[in-house]
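Inside the fold
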Amino acid sequence: MGAERLLPREVWRRWRRAGALRPGPHPSDVEVAARRFLLLGLLPLWVVPGLADWWMHRRTGIERTSGTKESVVHALMMTEAGVPVVMGLLARVNPLVLTTMGASAVAHGATALYDVSLATGEREIRPVEQHIHSFLEVLPLTALAFAACLHPDQVRSTLRGGTRPRDWRLLPREHPLPPWYLAGLAGVIGLGVVVPYAEELRRCVRARQGAAG
C-alpha cells in the first residue's frame, strides 16, 4: 500500500525533473527517423498523387483547354513540392535548408492558388482531382514541420539569423544515402514526376502548334 501511495509522487517528481520533457534522440536516430518519414511518407505522397493528377489532366484534355500555360504551372508546382523532399533526404538540416523549405511552401501555396484560378472555367476539375490537390498542397509544409520538430536547435538558429558560416551552406548529411539508393531515388522521381509532366507539356505544345498551323 505504501508503495502504491508513493507512486503518484514519484511520477510527479520525474515530471518536474529538468530533463524529463526533453527527448533527445541520438543524431543518427534523428537521421533514420527523417529518412523513413521522407522515403515512406512524403515521397509516395509526392509521386503517387502527382501521377494521379497528371492522369486527371489527361482525361480532361488539358491540351485542348487551358493548354501550355497551365501545364507549365503544374511543372512549377511539382518542382516546388519536390525541393523540400529532396533537400530533406540529401542535405543536413540547417538554417539554409529550413529557410528554403519555408520559401518553397509559400511559393507552392501561391502557385496552387494561381493554378486553380487559371484552370477554372477552362476545363473540368472533378472532385477527385481537387482531393488529389489536397495531398500535394500540404507536402512542402509537412516537410518543413517534420524537419523543424526533429531539429529544434536549427529552428532557434534560423530565428536568430544563422550567425555561423555553416548555417548558410548546403551540406551533405553526415550519413548520406548509398549511391545505389540515390540512383533508385532518381529513377522514381524521374519516372513518377519528370517524365509524366514533360509528356503533358509536350502534348500541350504540339496541340498549340497544330492549332496555330
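The rules we used
- Residues numbered from 1 in each chain as written.
- Predicted model: local features only at pLDDT ≥ 70, side-chain atom pairs only at ≥ 80, totals over all residues.
- Heavy atoms only, no water.
- Helix = DSSP H or I, 4+ residues; strand = E, 2+ residues; numbered from the N terminus.
- Buried < 20%, exposed > 50% of the residue type's maximum accessible area, 1.4 Å probe, protein only.
- Lys, Arg positive; Asp, Glu negative; His and termini not counted.
- Salt bridge = Lys/Arg side-chain N within 4 Å of Asp/Glu carboxyl O.
- Contact = heavy atoms within 4.5 Å.
- Axes fitted to C-alpha atoms, helices over the stretch in contact; angles between N-to-C directions.
- Parallel < 35°, antiparallel > 145°, perpendicular 65-115°, else oblique.
- Left-handed = near helix turned anticlockwise from the far one by under 90°.
- Nonpolar A, V, L, I, M, F, W, Y, C, P; charged D, E, K, R; others polar.
- pLDDT = per-residue confidence, 0-100.

Let's talk about the side chain of glutamate 200
Along the chain, glutamate 200 falls in helix α8 (residues 179–212). Although buried, glutamate 200 forms no salt bridge, and the nearest oppositely charged side chain, arginine 203, lies 4.9 Å from it. Filtering out sequence-adjacent residues up to four positions away, glutamate 200 remains in contact with Trp54, His57, Ile62, Ser71 and His74.

Structural notes on the pattern of salt bridges
One pass over the full model with this rule turns up 8 salt bridges. Put simply, arginine 58 and glutamate 199 hold a salt bridge, and the shortest N to O gap is 3.0 Å. In this pair, arginine 58 is assigned in helix α2 (residues 27–59) and glutamate 199 in helix α8, connecting sequence segments 141 residues apart. With a closest N to O distance of 3.4 Å, arginine 64 and glutamate 63 form a salt bridge. A residue is classified by how much of its surface remains accessible, and arginine 64, at 63% relative accessible area, is exposed.

Side note on the packing of helix α4 (residues 95–119) against helix α6 (residues 139–150)
With their axes 8 Å apart at the nearest point, α4 and α6 run at an angle of 155° to one another. If you check the angle between α4 and α6, you find them roughly antiparallel. Handedness of the α4/α6 crossing: left-handed. Between α4 and α6, the contacting residues are Leu98, Met101, Gly102, Ser104, Ala105 and His108 on the first element and Pro140, Leu141, Ala143, Leu144, Ala147 and Ala148 on the second. Looking at the contact of α4 with α6, its residues break down into 9 nonpolar, 3 polar and no charged.

Overview of the confidence of the model for the chain
Across the chain, the average pLDDT comes to 82, with 86% of residues at 70 or higher. Here residues 1–6 is a poorly scored stretch, pLDDT under 50, and it has 0 contacts once near neighbours within four places are set aside; other chains count. Note on residues 15–25: pLDDT under 50 across the span, and 5 contacts to partners over four residues away in sequence or across chains.

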